[in-house]
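The lines below spell out each chain.
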Amino acid sequence: MVSLLLNHDVPQWLPAMRAAAPDLALRVAPDLGNRADIDAILTWKVDAELLDALPNLQLLYAVGAGVDYLVDLVRQRPHLRIARIADDAVSGDVATLAVAGTLQWFRDLPQYARQQDQHQWEPLPVRCSAGTTIVILGLGRIGCATARAFQALGFEVCGWSRTCRSIDGIRTFAGPEGLRALLPHAQVLVCTLPLTDQTSGIIDAALLASLPRGAFVVNVGRGAHLDESALLAALDTGQVSGAFLDVFSTEPLPAGHALWRHPAVRITPHVASRTQPARVAPQVVENLRRLRAGEPLLNLVDPVAGY
Ligand code: OXD
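Residues numbered from 1 in each chain as written. Predicted model: local features only at pLDDT ≥ 70, side-chain atom pairs only at ≥ 80, totals over all residues. Heavy atoms only, no water.

(A) Representation of the packing of aromatic side chains in the model. Under the defined criterion, the tally for this structure stands at five aromatic pairs. Between the aromatic rings of Trp-105 and Phe-216, the centroid separation amounts to 4.5 Å while the plane-to-plane angle is 15 degrees, which identifies the pairing as stacked. A residue pair is termed long-range when its members are at least 10 positions apart, and Trp-105 in helix α4 (residues 88–106) and Phe-216 in strand β10 (residues 215–219) qualify at 111 residues. Among the aromatic residues, those joined into a ring-pair cluster are Trp-105, Phe-106, Phe-150, Phe-155 and Phe-216. Between the NZ or CZ atom of Lys-45 and the centre of the ring of Tyr-69, over which it lies, the distance is 4.5 Å. The residue whose ring lies beneath Arg-127 is Trp-105, and the NZ or CZ to ring-centre distance is 4.4 Å. (Phe/Tyr/Trp six-rings, centres within 6.5 Å; stacked < 30°, edge-to-face > 60°. Helix = DSSP H or I, 4+ residues; strand = E, 2+ residues; numbered from the N terminus. Lys NZ or Arg CZ within 6 Å of the ring centre and 35° of its normal.)

(B) Up close: the environment of Leu-80. The topology assignment puts Leu-80 in the loop between α3 (68–75) and β5 (81–84). According to the relative accessible area criterion, Leu-80 is buried, its value standing at 3%. Beyond its immediate sequence surroundings of up to four residues, Leu-80 is in contact with Leu-51, Leu-57, Gln-58, Leu-60 and Val-74. (Buried < 20%, exposed > 50% of the residue type's maximum accessible area, 1.4 Å probe, protein only. Contact = heavy atoms within 4.5 Å.)

(C) Geometry of the domain arrangement of the chain. Each domain of the chain was delimited in the assignment, giving domain 1 (3–87 + 275–293) and domain 2 (88–267). Between the C-alpha centres of domain 1 and domain 2 there is a distance of 33 Å. In this complex, domain 1 contributes nine residues to the contact, which on the side of domain 2 involves nine residues. Roughly 760 Å² of surface becomes buried between domain 1 and domain 2 when both sides are summed, with 48% attributable to carbon and sulfur atoms. Each residue belonging to the side of domain 1 that touches domain 2 can be placed in one class, and the counts come to three nonpolar, two polar and four charged. (Domains from an automatic or database assignment. Buried area = accessible area lost by both parts, 1.4 Å probe. Nonpolar A, V, L, I, M, F, W, Y, C, P; charged D, E, K, R; others polar.)

(D) Molecular detail of the nonpolar core. Counting 31 residues, the largest nonpolar core has Leu-189, Ile-203, Leu-207, Leu-208, Leu-211 and Leu-231 as the members making the most contacts within it. Of all elements in the fold, only β6 (133–137), β7 (156–161), α7 (175–182), β9 (188–191), α8 (205–210), β10, α9 (228–237) and β11 (240–245) reach the threshold of two or more residues within this core. Per-element accounting of this core gives the leading share, five residues, to α9. Setting aside its immediate chain neighbours within four residues, Leu-207 contacts Leu-179, Leu-183, Leu-189 and Ile-202. (Core = buried A, V, L, I, M, F, W, Y, C linked by side-chain atoms within 4.5 Å.)

(E) Main features of the site of the ligand. Every residue close to the ligand is listed here: Trp-44, Gly-64, Ala-65, Gly-66, Arg-222, His-270 and Arg-274. The separation between an oxygen atom of the ligand and a polar main-chain atom of Ala-65 is 2.8 Å. At a separation of 2.7 Å, an oxygen atom of the ligand approaches a polar side-chain atom of His-270. Relative to its free-state accessible area of 210 Å², the ligand is covered by the protein chains to the extent of 90%. Its residues assigned to classes, the shell around the ligand shows two nonpolar, three polar and two charged. (Near = heavy atom within 4 Å. Polar contact = N/O pair within 3.5 Å; in protein donor to acceptor, adjacent residues only side chain to side chain. Areas by Shrake-Rupley, 256 points an atom, 1.4 Å probe, with all protein chains shown as cover.)

(F) Just the pattern of salt bridges, in detail. Counted according to the given criterion, the structure contains 11 salt bridges. The salt bridge partner of Arg-222 is Asp-68, with a shortest N-O separation of 2.8 Å. Here Asp-68 lies in helix α3 and Arg-222 lies in the loop between β10 and α9, a separation of 154 residues in the sequence. Judged by relative accessible area, Arg-222 falls into the buried class, the value being 9%. Judged by its relative accessible area of 17%, Asp-68 falls in the buried class. Taking the shortest distance from any N to any O, the salt bridge between Arg-279 and Asp-87 comes out at 2.6 Å. With Arg-279 in helix α11 (residues 277–293) and Asp-87 in the loop between β5 and α4, the pair connects residues that are 192 residues apart, well separated along the chain. In this structure, a network of salt bridges that share partners links the residues Glu-286, Arg-289, Arg-290 and Glu-295. (Salt bridge = Lys/Arg side-chain N within 4 Å of Asp/Glu carboxyl O.)

(G) Representation of the sheet that holds strand β1 (residues 3–6) within the structure. Ordered by their spatial adjacency, five strands build an open sheet running β2-β1-β3-β4-β5, and the pairing between neighbours is parallel. With one partner strand each, in any of the chains shown, β2 (25–28) and β5 form the two edges of the open sheet. When strand polarity is set aside, the average angle formed by the axes of neighbouring strands in this sheet is 25 degrees. Note: strand β3 (residues 38–43) against strand β4 (residues 59–62), four bridges, orientation parallel. Considered in β4, the bridge of Thr-43 is made with Ala-62. (Pairing = 2+ DSSP bridges. Axes fitted to C-alpha atoms, helices over the stretch in contact; angles between N-to-C directions.)

(H) Inspection of the pairing of β10 at higher detail. Here β10 lies mainly inside the structure; five of its five residues are buried. Here β10 shows two buried faces, one formed by Ala-215, Val-217 and Asn-219 and the other by Phe-216 and Val-218. The pairing of β9 with β10 spans four bridges and is parallel. Note on β10: the bridge partner recorded for Leu-189 is Val-217.

In structure tokens, the structure reads:
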């Protein structure tokens, strides 16, 4: 068996990996033991120095939903590969938060909470999901799960991705032209994109100006997708009527940041999903078996595309 270095949430991962593969040779960072033995590292963010200290390292196992933290490291070290976890529970959890963040705005729950504080019975106009268009940016596993979740609630759902994707029952668009065509219809814009050189800063002032007036913005991708100053400006003019943000350009979101106190912004502290080690340890073990056997690995990241 190959040797795996655990470099993330050891209290959860160690028992999960032991249960899935009792014979697996495990190391727990920072105790590397004989560094030359280590073939793979299971990690979220990782220091370049650690990778460079492991002469026989071949594989980075990414535990997070996004792999942008690892891609540059691997581009500079072409002998390394990245495998990612593939788990519908993770995509489902991100979808759930995107839907929850949207619905609280869509059904005026903050306003009703304020009214409840005052014992006020004052019905607001009811918005109808049929006829409301949700645009999902990114049609990977998470984007598809999110599109399906909104679709199940009766919204009109359209999806956008860099390259053409066809998804049963969802209208899909691709490339810059597809995005330009779609934005004027996006009453709700949900970002589930991977962070790459192409998608960094994609939600900028020009994009926000292309949305229908009063649109709602959801970001469960990465903070760097969104120009936060442009969002604040668009909120102040009413071009955007609200936002739900789980990710930020700086995390934790600095105390005193204007987003904290904007009344139309709802914030969660990067909690869209957490990989459950016990669920996914068997797929990690299978990939380590393949690594040892020289067989093709599953769920590899393309370092050129960045996801
Ligand atoms: C992520 C995660 O990649 O939280 O953002 O898993």
